[in-house]
Amino acid sequence: MCKAVIPAVAILLTLYMTVVSGNYLPKTLLECFDHKVENSLEGVVLAQDLQKHCLDMFLHPTIKKNMTTDEVNYLQSIFRKIISESNHGGRVKRRTQLLEVFPKRIRREVRDPMSNWSKYSAAVRRLKFDMSSGTGTSRYDTIADLHRIAVDEAHGGPNFLPWHRLYLLIFETACGMAIPFWDSSIDFEMADPTESKIWTEDYFGNGFGEVESGPFSGFDTPIGPLIRNIGSDGSLFQKTGILRLLSKRRFAEINVDTSPDGDSLEDQHGQVHIWCDGQMNNLERSPFDPIFWSHHCFVDYIWELFRTRQKSLGINPATDFSPTNKTGHSPNDEARGITGYLNVDGYSNRIAKLVEYKLTPSCPKCSNSDAMHCDRAKQMCIADDRTVNSYVGHQEDAVKIANKYGLSKGNHGSAFTLTYRDARVRVDSVTLVYRIVRNTPKRLYYGLPQQTKKSYYRVPYTYKGSFKKRLSVTKWY
């Protein structure tokens, strides 16, 4: 089944990227668009007609051997939605106008009342239980499984950020709504982040055991029921870590295999996967927990802040590549699973402009959210505690399910790499193989936590500078 649906997603990503960027457009489709426009009355043609005549002709011969008719229709419906949202049924006079097919998405923090979290999470749930293909695979799972086949080419190198940027866009298209981002540094500042209101039915659902509350309750995955074991190991994003990244100038300085101090955005993001545990801490299957999309939106948000600073310094982020000899990560390599698309497109400013990020909540208003408050002493927004009667789940269930399905033994691929940990974690991950972790070089592993009342956490690096200087370095955060 996976072999049937993955090419479908690859084809959709290819069409999306090529039409948006105008680069590497398949010759047959390009010729069709040009011919259709140039031979119409005064160069005017309905976008729907272009889709019907050209896209149908291009898609069917390419994927008919690997997909059901229903799956072909599903992909076409998504592509039609992109066109209609951009053009609103209008007329396209030039092919350059046709290229503007993806509407700008406005992404806000999950707890921002204007993020449309309820509608977005409902859209995710609809995708998860949309079995209309009749193949036994949901629409959600079709997209989530793409991460598995691209795992090597989308992680551990410079292609991590551009590949995931495109991956977010395609999921957003399927949902029909912008993905709210999760700024986990807001939760990190709590005395106990596992008590955050984010882990209630109003947002992500319970954080321990099988997910049985909230919009993602009852989700199943290829490696068992959806489980979590929050606060087990790793760390949430920390403002000190984000500021370190934003104080740098070149992409190579935040890339995992070229960062001079071993501190990269990919490493920091991985600690959040570990902290959530369960399927989130499985490199191949992490998208099967919907937290993945909001977490990666925040990763993309940080990258966009970094790119904004680069532009202010006269650096073009679209051409600021990091040297690599890793297979599949060079700018001119064809992206894994996205035939006809090159990695270099993921860096483009044009793709970046498709999304608008609203700044993460800040004091004094904290977006007027009922799930966070302004700590005036720290001058930062901090997540509120959940109510005492909120369902938290059962940690022992996470252990049982992880053992039953082999997650605790690493039977379904690698976990994320532990590079540092919050000193408040319990060190009881159900997905980390600790005999391997304890053999990790000390350069990457920061030992067991030292719990004290005055020291809530320990990070591998600290930002040494005044608060005023820190703000001048990263005024966008």
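Here the structure is a predicted model, which is why all the values come from computation and not from measurement.

Every second residue of strand β9 (residues 372–375) is oriented toward a common face, the buried set being M372 and C374 and the non-buried set H373 and D375. Looking at chain direction, β9 and strand β10 (residues 380–383) are connected through four bridges and run antiparallel. Its bridge partner being in β10, D375 is matched across the sheet by M380. A loop of four residues connects β9 with β10, the two strands running antiparallel in sequence, and Q379 in this loop sits at a positive phi of about 55°.

Each disulfide consists of a covalent bond between the sulfur atoms of two cysteine residues. Here the structure, examined in full by the defined rule, presents two disulfides. The disulfide that involves C363 links it to C374, with 2.1 Å between the sulfurs. As the torsion about the S-S bond is roughly 115°, the C363-C374 disulfide counts as right-handed. Here C374 lies in strand β9 and C363 lies in the loop between β8 (355–357) and β9, a separation of 11 residues in the sequence. Relative accessible area serves as the criterion here: at 17%, C374 is assigned to the buried category. One disulfide in the model links C366 with C381; its S-S distance is 2.1 Å. Its torsion about the S-S bond being -100°, the disulfide of C366 and C381 is classed as left-handed. One end of the pair, C366, is in the loop between β8 and β9; the other, C381, is in strand β10, and 15 residues separate them in sequence. Each member of the pair, C366 together with C381, is buried.

Another aspect to go through is the UniProt feature "domain: Tyrosinase copper-binding" (unreviewed entry) in the protein chain. Annotation from UniProt places "domain: Tyrosinase copper-binding" (unreviewed entry) at residues 155–172 and 289–300. For the annotated span residues 289–300, helix accounts for 83% and strand for 0% of the residues, and the straight-line distance between the end C-alpha atoms is 18 Å.

The rules behind these values
- Residues numbered from 1 in each chain as written.
- Predicted model: local features only at pLDDT ≥ 70, side-chain atom pairs only at ≥ 80, totals over all residues.
- Heavy atoms only, no water.
- Buried < 20%, exposed > 50% of the residue type's maximum accessible area, 1.4 Å probe, protein only.
- Helix = DSSP H or I, 4+ residues; strand = E, 2+ residues; numbered from the N terminus.
- Pairing = 2+ DSSP bridges.
- Disulfide = S-S within 2.5 Å.
- UniProt positions renumbered as here; feature names shortened; annotations may be inferred.

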